[in-house]
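# Coordinate analysis (summary)
Chain residues, written in single-letter form:
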Amino acid sequence: MIIFRGIVSYQLAIKTYLNSLRIIYTDLSIDILNMSKEVEHNTVTVRWSISGRARMKTASDERIRVFDGVSTFHPDSDGLIKLHVLDKRQLDKFKEVVLS
């Protein structure tokens, strides 16, 4: 679990993560799979997925790797996000899906 505090560290971490992915993958796509508001905890939870084509071809077909994650946003009384908790995970650690 990664916890970001402050807009500068948040922006730096997100940019660094995306730039790292751009080194390994092309055609990056970020998809929102589900969003929910939890009134009792005053949070918004977003399940997301990142996919892309590997830059380096293997002996077999070109592959796509999918990374899934869950972001939990904690807004303050003004509705601005004061805390973003990112739980990044890869559902199957070395899952590769062959495109046809």
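Basis of the calculations
- Residues numbered from 1 in each chain as written.
- Predicted model: local features only at pLDDT ≥ 70, side-chain atom pairs only at ≥ 80, totals over all residues.
- Heavy atoms only, no water.
- Helix = DSSP H or I, 4+ residues; strand = E, 2+ residues; numbered from the N terminus.
- Buried < 20%, exposed > 50% of the residue type's maximum accessible area, 1.4 Å probe, protein only.
- Polar contact = N/O pair within 3.5 Å; in protein donor to acceptor, adjacent residues only side chain to side chain.
- Salt bridge = Lys/Arg side-chain N within 4 Å of Asp/Glu carboxyl O.
- Core = buried A, V, L, I, M, F, W, Y, C linked by side-chain atoms within 4.5 Å.
- Contact = heavy atoms within 4.5 Å.
- Pairing = 2+ DSSP bridges.

### Describing the environment of Met 35
Tracing the backbone through its elements, the reader meets Met 35 in strand 2 (residues 25–38). Considering only alpha carbons, one finds Met 35 and Arg 47, 12 residues apart in sequence, at a separation of 6.4 Å.

### Let's talk about the side chain of His 84
Within the secondary structure, His 84 is located in strand 5 (residues 81–89). Classification of His 84 by relative accessible area gives buried; the value is 5%. A polar contact is formed between the side chain of His 84 and the side chain of Ser 71, at a distance of 2.9 Å.

### Description of the pattern of salt bridges
Applying the stated criterion across every chain, the model contains two salt bridges. One salt bridge in this structure joins Arg 47 and Asp 68, with 3.3 Å as the shortest N-O distance. Taken together, the residues Arg 47 in strand 3 (residues 43–54) and Asp 68 in strand 4 (residues 63–75) connect sequence positions 21 residues apart. Given the relative accessible area of 8%, Asp 68 is considered buried.

### A few points about unusual backbone geometry
Note on backbone geometry: most residues besides glycine have negative phi, and most peptide bonds are trans. Of note in the backbone geometry, Asp 27 takes a positive phi value of approximately 50° without being a glycine. The phi torsion at Asn 42 lies on the positive side, around 55°, for a residue other than glycine. Structurally, Asn 42 can be placed in the loop between strand 2 and strand 3.

### Describing the nonpolar core
Counting seven residues, the largest nonpolar core consists of Leu 18, Leu 21, Tyr 25, Trp 48, Ile 50, Phe 67 and Leu 86. Leu 18 has contacts with Leu 28 and Ile 30, leaving out every residue within four places of it along the chain.

### Quick look at the pairing of strand 2
When strand 2 meets strand 3, the two strands line up antiparallel, connected through 11 bridges. Note that in strand 3 the partner of Glu 38 across the bridge is Thr 43.

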